[in-house]
Amino acid sequence: MSTTAPYARELEIAQLAVQRAAILTKRVFHEKAKGTVSKDDASPVTIGDFGAQALIISALRANFPHDAIVAEEEAAQLRSDEKLRSLIWGLVKETKLGDAHAEEELLGGGVKDEADLLEVLDLGRSEGGRVGRVWTLDPIDGTKGFLRGGQYALALALLEDGDVKVGVLGCPNLPVDDEAPLAADIGANQTDDEGRGVIFSSVIGQGATSRPLGTAGLAESKPIQMKEVKEMASASFCESVESGHSNQSEAAQIAQKLGITKPSVRMDSQAKYGSIARGAGDIYLRLPTSKTYQEKIWDHAAGDLIVREAGGQVTDTKGRRLDFGVGRTLAENSGVIAAPAAVHGQVLEVVQEVLGLK
Ligand SMILES: Nc1ncnc2c1ncn2[C@@H]1O[C@H](COP(=O)(O)O)[C@@H](OP(=O)(O)O)[C@H]1O
Ligand SMILES: [Mg+2]
Ligand SMILES: [Mg+2]
Ligand SMILES: [Mg+2]
């Protein structure tokens, strides 16, 4: 009888694929800082986005050829832009987990040539839905953060019949140490120096973990847990840096009503989910700025499972669980409230009061 835990292989491949793609995004991040990726060549984030998406999808294609993929980017722009395509191909070709790693072998596949690069990118165009296995991928979440030198994340999750079963978040600029406190504003001047780079993982029913991003199969995963909120007065809440992505003035009113005294921690990307899951922060609020914007599944699937498996609850502002089974967007949801299960109801109540939802 096999004793392998459910989704063990999916988890391992997802972690290694994210880890390998992060080698590419970190390289682009540094070349951006040095100015070697010039504006004529396209935005560095574009290069990082396409490169990371191609590397991750190539690993999924090789290991799980029958699974559908919903990814943020598509090849269209690269078909007509030969220069950009060959620049990205050059980076993708060179990115390896390293000679010492049997893991590179395990990932398999790879991208064969420039034509295959386009093909691989477009494998991410599935419409998603309620049936079967669907991977969802955001190769660089927090593009604004990436450009600003803030936080960003590589986010990959596996949905089965609309439910998140595996979630992996690579955060190159977050501290490795789960105990490290969050600065009040980490929207800028973040690095991937020594001591930075963490990968958060979760499998349904198996808890959530963290481990250093850069160590392939070598480092042990440590369990992570949300922190208990003993008093709201000392709780910290996270929100987007971008005021266009979340209503910050409503969030401030909610915090005040809850009795939270600390200013919000503004952070880009799903690093917010990872940070509260490891207890570095407590609450994540994402409040709609418009009636028409639909959140994308790749912006939330990995973070949703990691927080729930770390003892949290994640709903929208109406108190409904995030529904990843309706397509590429969270069309049935509005905003996100993530908090430790014990205080989620209290937070939701105040959110609904301020938003006029009750
Ligand atoms: N009007 C809007 N409201 C909410 N989210 C938005 C938005 N416009 C873009 N986004 C999403 O916000 C994500 C970043 O979230 P955050 O603000 O938490 O860092 C973006 O992901 P990408 O950066 O991958 O494009 C993008 O998908
Ligand atoms: Mg995103
Ligand atoms: Mg993105
Ligand atoms: Mg985007």
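Every value quoted in this text rests on a predicted model; they were computed, and no experiment measured them.

Remarks on the UniProt feature "binding site: Mg(2+)" (unreviewed entry) in the chain
Mapped onto the present numbering, the UniProt feature "binding site: Mg(2+)" (unreviewed entry) falls at E72, D138, I140, D141 and D299. The largest pairwise C-alpha distance within this set of annotated residues, which runs over 228 residues, is 9.8 Å, so the set is compact in three dimensions. Along the chain, D138 falls in strand β2 (residues 133–141). Beyond its immediate chain neighbours, meaning those up to four positions away, D138 contacts E72, A155, W298 and D299.

So, the sheet that holds β2
Spatially, β1-β2-β3-β4-β5-β6-β7 is the arrangement adopted by the 7 strands of the open sheet, whose pairing is mixed. Two strands lie at the open edges of the sheet, namely β1 (68–71) and β7 (222–224), each paired on one side alone. Ignoring strand direction, the axes of neighbouring strands in this sheet form an average angle of 20°. With 7 bridges connecting them, strand β3 (residues 153–160) and strand β4 (residues 163–175) associate as antiparallel partners. Its bridge partner being in β4, A157 is matched across the sheet by G167. Of the strands in this sheet, β1, β2 and β3 are in contact with helix α2 (residues 44–63), which crosses β2 at around 155°. Relative to β4, helix α10 (residues 301–309) is tilted by about 95°, and along the sheet it contacts β2, β3, β4, β5 (196–203) and β6 (208–212).

Some words on the sheet that holds strand β12 (residues 336–340)
If you walk across this open sheet you meet the 5 strands as β9-β8-β10-β12-β11, and the pairing is mixed. The open sheet is flanked by β9 (265–266) and β11 (312–315), the only strands paired with a single partner. In this structure, β11 lies alongside β12, joined through 4 bridges in antiparallel fashion. If you follow V314 over to β12, its bridge partner there is A338. The sheet contacts of α10 involve β11 and β12, and relative to β11 the element is tilted by about 145°. Here helix α11 (residues 341–354) sits on the sheet and contacts β10 (283–286), β11 and β12; the angle it forms with β12, its principal contact strand, is near 145°.

Observations concerning the packing of α2 against helix α4 (residues 82–94)
Packed helices, taken two at a time, are described by their axes: the angle between them and the distance between them. Their axes nearest at 9 Å, the elements α2 and α4 cross at an angle of 50°. Judged by the angle between their axes, α2 and α4 are oblique. Once α2 is placed against α4, the crossing between them reads as right-handed. Here α2 contributes I47, F50, G51, A54 and L55 to the contact with α4, which in turn contributes L87, I88, L91 and V92. A class-by-class count of the residues in the contact of α2 with α4 yields 8 nonpolar, 1 polar and no charged.

Conventions used here
- Residues numbered from 1 in each chain as written.
- Chains lettered and ligands numbered in written order.
- Predicted model: local features only at pLDDT ≥ 70, side-chain atom pairs only at ≥ 80, totals over all residues.
- UniProt positions renumbered as here; feature names shortened; annotations may be inferred.
- Helix = DSSP H or I, 4+ residues; strand = E, 2+ residues; numbered from the N terminus.
- Contact = placed C-beta atoms within 7 Å.
- Pairing = 2+ DSSP bridges.
- Axes fitted to C-alpha atoms, helices over the stretch in contact; angles between N-to-C directions.
- Parallel < 35°, antiparallel > 145°, perpendicular 65-115°, else oblique.
- Left-handed = near helix turned anticlockwise from the far one by under 90°.
- Nonpolar A, V, L, I, M, F, W, Y, C, P; charged D, E, K, R; others polar.

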